Amino acid sequence: MTSIAVPEHPWLLPGELVVPAERDRAHPRRTTRDWVVDSLAFLIGLLWVLFATMDALSPAPEAAIPLPHDWMVGVDAVLGLVCCGLLWVRRRWPLGLAVATLPLNLFSMAAAVPLLIFYFTVVVHRRTAVAIAITGAGLVTNLVFSWTRPDPNWPYWATVSWGVVITLAVLAWGMFVRARRQLIVSLRERAERAEAEQQLRVTQARHLERTRIAREMHDVLAHRISLLSLHAGALEFRPDAPADEVARAAGVIRGSAHAALQDLREVIGVLRAEDDGGGDAPEPPQPTLADLPALIAESRSAGVRVNVSDSVASPEQVPAALGRAAYRIVQEGLTNARKHAAGAAVTVDVAGGPGTGLTVAIGNRWPVGTQAGGTLPGAGTGLVGISERVTLAGGRLAYGRDDAGDFRLAAWLPWPA
């Protein structure tokens, strides 16, 4: 059984994309790539806090209007450091951190970069509607920040415009990253679904093959055992038969039992080969229409009167599958006649040709009474199996008593021109 291949370098992927097991976790474990990204985010945020604090304490700040008191600069720096520390847990609570730290966008310069990283994480890990709502709130705080701490070198609307541009750029970047990850996940799920469907098709094919083998086993063994039982019943019915007849019947019984055991051994061998993964092992030769004379002769040797009418045009052109189906139909008809109408004459009619189809009919007189030892037990699934075989071949099957009161089993099978 195959499985979805694990990436060659999983440490280069986010935790959500490494393996399906990580995707199913509420909080996937960090990969090496995640640790590197988080470390860089923390380092960049820390450097920005240092730069913003030093700039605010300088005599001529370049980033924004300084705060009126030095202690406010210290508080801003502490808030920035706290936000840098929260960068390590932003993957677990991206939306909660973004909402909790949103008021800092109104006045804090030191926390600007960590807050921007929180915003980017929300866009990547939450649905678009949530990202748009956070974006709208961020744009409102941008208006207030540009008013409370304006840039000394830029007019108000220019500062606001730059804030909008940066926000929208981060939004677009985050949406691109999210869409790319969703594409990768969807492709992987599609591959997993295709693999599961393939495994299901293999299982169904194996089940169908086992069903076919079971049907073949029923047809073959029922025929063999019915012959064996018929000869054994004759010996039981005539214990005073001549020695040569008893020897001949015993030889037929021995041959039928040997053939039944050989067929059973072949079927079990095929099933074991499938269980061992040897599904490509060659099957034994299957009967065809050319084997019908041997089947008829076998029934006649068991004492069954069989009248055959064979008017098949171009019998050498009969497809193998079609010939095998016809053989099994005749075999089942003869087996049923021996089981349920012992001593009755059986007629076998086979006719057809390319383009017109192949017709197979087996008939026998309806039994009036029962004969000692003449009724053999059966599973009652022979005709069901033949019906399924004919249906799968695209043909038609009818069986039951006809207008004359006799039992008739008739099938028509398509034979392409």
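Residues numbered from 1 in each chain as written. Predicted model: local features only at pLDDT ≥ 70, side-chain atom pairs only at ≥ 80, totals over all residues. Heavy atoms only, no water.

All right, on to the overall build of the protein then. Helix and strand counts for the protein come out as 11 helices and five strands. Counting only residues that meet the buried cut, the protein has 36% of its 417 residues in that class. For the protein, contacts bridging at least 24 residues in sequence account for 71% of all contacts bridging at least 6. (Helix = DSSP H or I, 4+ residues; strand = E, 2+ residues; numbered from the N terminus. Buried < 20%, exposed > 50% of the residue type's maximum accessible area, 1.4 Å probe, protein only. Contact = heavy atoms within 4.5 Å.)

Spatially, five strands are ordered β1-β2-β3-β5-β4 in an open sheet, and the strand pairing comes out mixed. Only two strands of the sheet have a single partner each, and these edge strands are β1 (306–312) and β4 (396–401). Here the strands of the sheet are splayed against their neighbours by 5° on average, with no regard to which way each runs. Sheet analysis places strand β2 (residues 346–353) next to strand β3 (residues 357–364), joined by eight bridges and oriented antiparallel. (Pairing = 2+ DSSP bridges. Axes fitted to C-alpha atoms, helices over the stretch in contact; angles between N-to-C directions.)

Okay, the environment of G96 next. When you line up the elements, G96 lands in helix α4 (residues 94–100). Separated by 22 residues in sequence, G96 and F118 place their C-alpha atoms 9.6 Å apart.

Right, let's get into the pattern of salt bridges. One pass over the structure, following the stated rule, counts seven salt bridges. Here D34 and R33 are joined by a salt bridge, their closest N and O atoms 3.3 Å apart. Looking at D34, the relative accessible area reads 3%, which means it is buried. The salt bridge involving D38 is made with R90; its shortest N-O contact spans 2.7 Å. Of this pair, D38 sits in helix α2 (residues 32–57) while R90 is found in the loop between α3 (70–86) and α4, placing the two residues 52 residues apart along the sequence. (Salt bridge = Lys/Arg side-chain N within 4 Å of Asp/Glu carboxyl O.)

I329, V330, L334, V348, L358 and I362 are the most contacted members of the largest nonpolar core, which has 30 residues in total. Every element with two or more residues in this core is listed here: α9 (292–301), β1, α10 (320–340), β2, β3, α11 (382–392) and β5 (407–413). If you tally residues by element for this core, the top one is α10, at eight residues. Once residues within four sequence positions are removed from consideration, L358 is found in contact with V312, L322, A326, V350, A351, G352, A411, W412, L413 and W415. Ranked by size, the runner-up nonpolar core spans 12 residues in total, among them V124, V130, L171 and V177. (Core = buried A, V, L, I, M, F, W, Y, C linked by side-chain atoms within 4.5 Å.)

A few words on unusual backbone geometry. Phi at S314 takes a positive value of approximately 55°, unusual for a residue other than glycine. Relative to the elements of secondary structure, S314 occurs in the loop between β1 and α10.

Right, let's talk about the packing of aromatic side chains for a bit. Given two aromatic rings, their pairing is described by the distance between the two centres and the angle made by the two planes. Here the structure, examined in full by the defined rule, presents eight aromatic pairs. Measuring from ring centre to ring centre gives 6.1 Å for W35 and W88, while their planes differ by 45°; the resulting arrangement is tilted. Of the two residues, W35 sits in helix α2 while W88 sits in the loop between α3 and α4, which places them 53 residues apart along the sequence. On the basis of relative accessibility, which here comes to 43%, the residue W35 falls in the partly exposed class. Seen from their ring centres, F120 and W173 are 4.6 Å apart, and the 40° between their planes marks the pair as tilted. Taken together, the residues span a long stretch of sequence, with F120 in helix α5 (residues 112–125) and W173 in helix α7 (residues 156–237) at a distance of 53 residues. An aromatic cluster of at least three residues, connected via ring pairs, comprises W35, F42 and W88. (Phe/Tyr/Trp six-rings, centres within 6.5 Å; stacked < 30°, edge-to-face > 60°.)

Along the polypeptide, T159 turns up in helix α7. In this structure T159 touches S146, D151 and W154, once residues within four positions along its chain are discounted.

Here the focus is the confidence of the model for the protein. Model confidence for the protein is summarised by a mean pLDDT of 80, while 78% of its residues fall at 70 or above. Here residues 371–376 is modelled with pLDDT under 50, and outside its nearest four sequence neighbours on either side it reaches nine contacts, counting other chains as well. (pLDDT = per-residue confidence, 0-100.)

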